[in-house]
Amino acid sequence: MRYSVLDLAPVPEGSTTAQALQNSADLARHAEGWGYHRYWLAEHHNMPGIASAATAVMIGHIAQATSTIRVGAGGIMLPNHAPYMVAEAFGTLAEIHGPRIDLGLGRAPGTDMAAMRAMRRGLHEAGDRFPQDVQELIAFLGPQVEGSNLRAIPGEGTHVPVWMLGSSLYGAQLAAMLGLPYAFASHFAPQALEQAFEVYRRQFRPSETLSEPRAMLAINVFAAETDAEGIRLRTTMQQAFARLRLGTPGKLPAPVDDINAVLAPETLAGVNQALSISAVGSKDTVRADLHRLIETYQPDEVILTGQIHDHGARLRSFEIAAEILQEG
């Protein structure tokens, strides 16, 4: 079972964006030593607590700080970009860092209307073109097309592996149709997880790059020395997700001793449902949670994320998870 990291380069309260970028590079170096297979970064915009907006730039930063771990996007929100420019950016990364760059593609904008307007992309129009844009991008990364007067250089011939990301049946169906590996955003939108995996595996059509379906499960992990400390670490993500839903995103909040004193019951219930694909607590508890989730959903890979305020505690959480997954 391959296990990987999904990082949003969190900016904690009391810290800076510059420190967040340094923290991500530090986590990546540790993750490489702990046996993590991939280190993915996600595109979000206009969010004070997330520093991975310029995702391709961040991938270069992480790839430069590491040597063997795969580094990529989980993901690039394609409606925000011209496929040609994405091909050039990821082709450049592949030419610099070799064949360890991944490109995960999502259909959501990863932001609000104000940022979408600032990026000069129309969501409805770009969303309608998403399947064509994906195929166009893959073609730009493939071999030279005889007679074509438009080539992505860098990009052409790099064959950067493309993943489809999703939180609904749409992405599952498209990934299956195109014969692409599929990663489900179960760490914050688990509602359609079981059905999406079933649809993807049943409808999968082999492609030149993938002969069998390959499904990745995203899991929140908050691991610590005790159950109580793991539960406390999770309160950071609970607060952050609640603020996002309420339209008041900010820097990553510090943990609290009692989440019930901070969030209203109805808000907390909705947050906990959205974050239900999680492993929380001591090593033994997290082991049981991870094994239960893997047994239930039968992923081919897992990718772990953890929005934890303290960098040292975040490192320790990923270290504990690696120890568990190395056991098999």
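Residues numbered from 1 in each chain as written. Predicted model: local features only at pLDDT ≥ 70, side-chain atom pairs only at ≥ 80, totals over all residues. Heavy atoms only, no water.

### Quick look at the overall build of the protein chain
Move 1: On a plain count of helices and strands, the protein chain comes out with twelve helices and nine strands.
Move 2: Here the C-alpha atoms of the protein chain give a radius of gyration of 19 Å, agreeing with the 20 Å that 2.2 N^0.38 yields for 328 residues.
Move 3: Out of the 328 residues in the protein chain, the part that is buried amounts to 55%.
Move 4: If you take every contact in the protein chain between residues at least 6 apart in sequence, the share linking residues at least 24 apart comes to 72%. (Helix = DSSP H or I, 4+ residues; strand = E, 2+ residues; numbered from the N terminus. Rg over C-alpha atoms; globule rule 2.2 N^0.38 Å. Buried < 20%, exposed > 50% of the residue type's maximum accessible area, 1.4 Å probe, protein only. Contact = heavy atoms within 4.5 Å.)

### Here's the deal with the nonpolar core
Move 1: Within the largest apolar cluster, 76 residues are counted, with the highest numbers of intra-cluster contacts made by Tyr36, Leu103 and Leu304.
Move 2: Per element, the largest residue contribution to this core is seven residues, and it comes from helix 12 (residues 311-327).
Move 3: In this structure Tyr36 touches Tyr3, Ser4, Val5, Ala31, Ile69, Leu304, Phe318, Ala321 and Ala322, once residues within four positions along its chain are discounted.
Move 4: Core analysis: the second largest hydrophobic core is formed by 16 residues, Phe222, Ala224, Leu233 and Phe241 among them. (Core = buried A, V, L, I, M, F, W, Y, C linked by side-chain atoms within 4.5 Å.)

### A closer look at the packing of helix 9 (residues 227-245) against helix 10 (residues 265-274)
Move 1: Where helix 9 meets helix 10, the axes come as close as 10 Å, and the angle between the chain directions of the two elements is 110 degrees. Here helix 10 runs roughly perpendicular to helix 9, going by the angle between their axes. Residue-level inspection shows Gln238, Phe241, Ala242 and Arg245 of helix 9 in contact with helix 10, the latter providing Thr267, Leu268, Gly270, Val271, Asn272 and Ala274.
Move 2: Class assignment for the residues of the contact of helix 9 with helix 10 results in five nonpolar, four polar and one charged. (Axes fitted to C-alpha atoms, helices over the stretch in contact; angles between N-to-C directions. Parallel < 35°, antiparallel > 145°, perpendicular 65-115°, else oblique. Nonpolar A, V, L, I, M, F, W, Y, C, P; charged D, E, K, R; others polar.)

### Brief notes about the packing of helix 3 (residues 83-97) against helix 6 (residues 130-141)
Move 1: Direction vectors running N to C along helix 3 and helix 6 enclose 40 degrees, while the axes themselves pass 9 Å from each other. With respect to their mutual orientation, helix 3 and helix 6 come out oblique. Crossing of helix 3 over helix 6 shows right-handed handedness. On helix 6, the residues that touch Pro83, Tyr84, Val86, Ala87 and Gly91 of helix 3 are Asp133, Glu136, Leu137, Phe140 and Leu141.
Move 2: Residue composition of the contact of helix 3 with helix 6, by class: seven nonpolar, one polar and two charged. (Left-handed = near helix turned anticlockwise from the far one by under 90°.)

### Regarding helix 6
Move 1: Relative to the 16 Å expected for twelve residues at 1.5 Å per residue, helix 6 spans 17 Å between its end C-alpha atoms, a close match to the ideal helical length.
Move 2: What helix 6 keeps buried is the set Phe130, Pro131, Asp133, Val134, Leu137, Phe140 and Leu141. (Expected span 1.5 Å × (residues − 1).)

### Details of unusual backbone geometry
Move 1: With an omega of 10 degrees, the peptide bond between Gly74 and Gly75 qualifies as cis.
Move 2: With respect to the element layout, Gly75 can be found in strand 3 (residues 70-77).
Move 3: Here the amide bond leading from Ile153 into Pro154 is cis, since omega sits at 0 degrees, within 30 degrees of zero.
Move 4: Unlike most non-glycine residues, Ala9 shows phi in positive territory, near 45 degrees.
Move 5: As for its placement among the helices and strands, Ala9 is situated in the loop between strand 1 (2-7) and helix 1 (17-33).

### As for the packing of aromatic side chains
Move 1: All chains considered together, the criterion is met by ten aromatic pairs.
Move 2: Look at Tyr182 and Phe184: their rings are 6.3 Å apart centre to centre, the planes differ by 70 degrees, and that puts the pair in the edge-to-face class.
Move 3: By relative accessible area, which is 0% here, Tyr182 ends up buried.
Move 4: Of the residues examined, Phe184 reaches a relative accessible area of 2% and is grouped as buried.
Move 5: Ring geometry for Tyr182 and Phe197: centres 6.5 Å apart, planes at 70 degrees, overall edge-to-face. Within this pair, whereas Tyr182 is found in strand 6 (residues 182-184), its partner Phe197 is found in helix 8 (residues 193-203), the two being separated by 15 residues in sequence. Each member of the pair, Tyr182 together with Phe197, is buried.
Move 6: Three or more aromatic residues joined by ring pairs form one cluster here, namely Tyr182, Phe184, Phe197, Tyr200 and Phe204.
Move 7: Taking the ring centre of Tyr170 as reference, the NZ or CZ of Arg107 above it sits at 4.2 Å. (Phe/Tyr/Trp six-rings, centres within 6.5 Å; stacked < 30°, edge-to-face > 60°. Lys NZ or Arg CZ within 6 Å of the ring centre and 35° of its normal.)

### Concerning the layout of surface pockets
Move 1: In this structure, the second largest pocket spans a volume of roughly 600 Å³.
Move 2: Together, 26 residues line the second largest pocket, and Ile138, Val162, Leu180, Ser207 and Thr209 are the ones closest to its centre.
Move 3: Looking at the lining of the second largest pocket, the elements that each hand over two or more residues are helix 6 and strand 5 (162-166).
Move 4: Tallying contributions element by element places helix 6 first for the lining of the second largest pocket, with four residues.
Move 5: Looking at the lining of the second largest pocket residue by residue, the class counts come to 13 nonpolar, six polar and seven charged. (1 Å grid on protein atoms, 1.4 Å probe; cavity = no way out; pocket = protein on both sides within 12 Å on 5 of 7 lines; lining within 4 Å. Points joined across faces, edges and corners; volume = space filled by probe spheres on them.)

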